[in-house]
Amino acid sequence: MKALVLGCSHAAGSEMWRDPSLSFPPGPEGFYKFDYGVTRSFAVKIANSLGFDNVENCSVPGGSNDSMFRIFLDHKHSVDLIVACWTGYNRTEIYDDQWVPIAPGKEDILDKHRDFLKQWASYSSDQAGRLNKMKNIVSLNAIAQQQNIRVINIDSFWPVSNFENYGYWPVNIPFFDWANQHQFVKTVNGHFFEDAHSAYCNYVLEHTQTS
């Protein structure tokens, strides 16, 4: 039995390693950045709690709902559960020898991609972004249902409303909003530490059907 996690930096557990209560032995900083949080995010904890030891976290920091759907298509024949952590609707991606996340505020974006981002922000209206997020949600859930793949839908942030009939949503408050309301500490970049992830996992599980 295998679970797949899809989402952005929140589902990837980005910056969790910066928690001042943690200490690490000497080693490459990249390990802490990419490996520590990716196995401890709220989405992974949810899958683990539902009995899935084999969890592949394919979340992309700065990733979009478009990237979530694309990655789902690549994995839909090999997973039994998907924890889909939908992200902001002002994001997309482009292909330039590899897939490149396009998101406002992303610091490591190349100048040529930054030009595309400016065009995207100018011509992609708020309504168009919402519709694009809806399209990805409906498409992923419809295909997963056809293939008998269980999907748990969660918003990391920026939800679209009235989507109760499109897939299974155990809670209706995004991770970011919930953690803020409960006053969990976050980094300057807006990422939360493991205590927030664990607490949100428990909150979701309290409202999740066991089968």
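Residues numbered from 1 in each chain as written. Predicted model: local features only at pLDDT ≥ 70, side-chain atom pairs only at ≥ 80, totals over all residues. Heavy atoms only, no water.

Enquirer: Mind laying out the environment of Phe 184, listing which residues take part and the relevant values?
Expert: With respect to the secondary-structure elements, Phe 184 resides in the loop between helix H6 (175-181) and helix H7 (194-206). Taking the C-alpha atoms as reference, Phe 184 lies 7.8 Å from Asp 195; in sequence the two are 11 residues apart. If we skip the residues at most four places from it in the chain, Phe 184 touches Trp 178, Ala 179, Phe 192, Asp 195, Ala 196 and Ala 199. (Helix = DSSP H or I, 4+ residues; strand = E, 2+ residues; numbered from the N terminus. Contact = heavy atoms within 4.5 Å.)

Enquirer: Give a description of the side chain of Arg 91 that names residues and reports values.
Expert: Inspection of the secondary structure puts Arg 91 in the loop between strand E3 (81-86) and strand E4 (92-95). An unpaired buried charge is present at Arg 91: no salt bridge exists, and Asp 66, the closest side chain of opposite charge, is 10 Å distant. Reaching out from Arg 91, the side chain makes a polar contact with the backbone oxygen of Gly 63 at a distance of 2.9 Å. Within the structure, Arg 91 has its side chain in polar contact with the side chain of Thr 87 (distance 3.4 Å). (Buried < 20%, exposed > 50% of the residue type's maximum accessible area, 1.4 Å probe, protein only. Lys, Arg positive; Asp, Glu negative; His and termini not counted. Salt bridge = Lys/Arg side-chain N within 4 Å of Asp/Glu carboxyl O. Polar contact = N/O pair within 3.5 Å; in protein donor to acceptor, adjacent residues only side chain to side chain.)

Enquirer: An account of the nonpolar core is requested, with residue identities and associated values reported.
Expert: Grouped together as the largest cluster of nonpolar side chains are 25 residues, with contacts concentrated most on Phe 42, Ile 46, Leu 81, Val 83, Ile 154, Ala 179 and Tyr 200. Those elements that provide at least two residues to this core are strand E1 (2-6), helix H2 (42-49), E3, strand E6 (150-155), H6 and H7. Here the element with the most residues in this core is H2; it accounts for five residues. Listed in part, the 19 residues of the second largest apolar core include Phe 72, Ile 82, Leu 140 and Ile 149. (Core = buried A, V, L, I, M, F, W, Y, C linked by side-chain atoms within 4.5 Å.)

Enquirer: Talk me through the packing of aromatic side chains; I want residue IDs and the actual numbers.
Expert: Counted under the stated rule, the structure contains 13 aromatic pairs. For the ring pair Phe 42 and Phe 175, a centre distance of 4.5 Å and an interplane angle of 25 degrees mean the geometry is stacked. Residue Phe 42 is located in helix H2, and its partner Phe 175 is located in helix H6; the two are separated by 133 residues in the primary sequence. Note on Phe 42: relative accessible area 0%, which makes it buried. Relative accessible area serves as the criterion here: at 0%, Phe 175 is assigned to the buried category. Note on Phe 175 and Phe 192: the rings are 5.6 Å apart at their centroids and 80 degrees apart in plane angle, and the pair reads as edge-to-face. Residue Phe 175 is located in helix H6, and its partner Phe 192 is located in the loop between H6 and H7; the two are separated by 17 residues in the primary sequence. Members of the aromatic cluster, each reached through a chain of ring pairs, are Phe 42, Phe 175, Phe 176, Trp 178, Phe 184, Phe 192, Tyr 200 and Tyr 203. The residue whose ring lies beneath Arg 40 is Tyr 36, and the NZ or CZ to ring-centre distance is 3.9 Å. (Phe/Tyr/Trp six-rings, centres within 6.5 Å; stacked < 30°, edge-to-face > 60°. Lys NZ or Arg CZ within 6 Å of the ring centre and 35° of its normal.)

Enquirer: Explain the packing of H2 against H7 to me, using residue names and the numbers behind them.
Expert: Relative to each other, H2 and H7 sit at 45 degrees, their axes nearing to 8 Å. The orientation of H2 with respect to H7, classified from their angle, is oblique. The crossing of H2 and H7 is right-handed. Of the residues in H7, those in contact with Phe 42, Lys 45, Ile 46 and Ser 49 of H2 are Glu 194, His 197, Ser 198, Tyr 200, Cys 201, Val 204 and Leu 205. When the residues that make up the contact of H2 with H7 are grouped by side-chain class, the tally is six nonpolar, three polar and two charged. (Axes fitted to C-alpha atoms, helices over the stretch in contact; angles between N-to-C directions. Parallel < 35°, antiparallel > 145°, perpendicular 65-115°, else oblique. Left-handed = near helix turned anticlockwise from the far one by under 90°. Nonpolar A, V, L, I, M, F, W, Y, C, P; charged D, E, K, R; others polar.)

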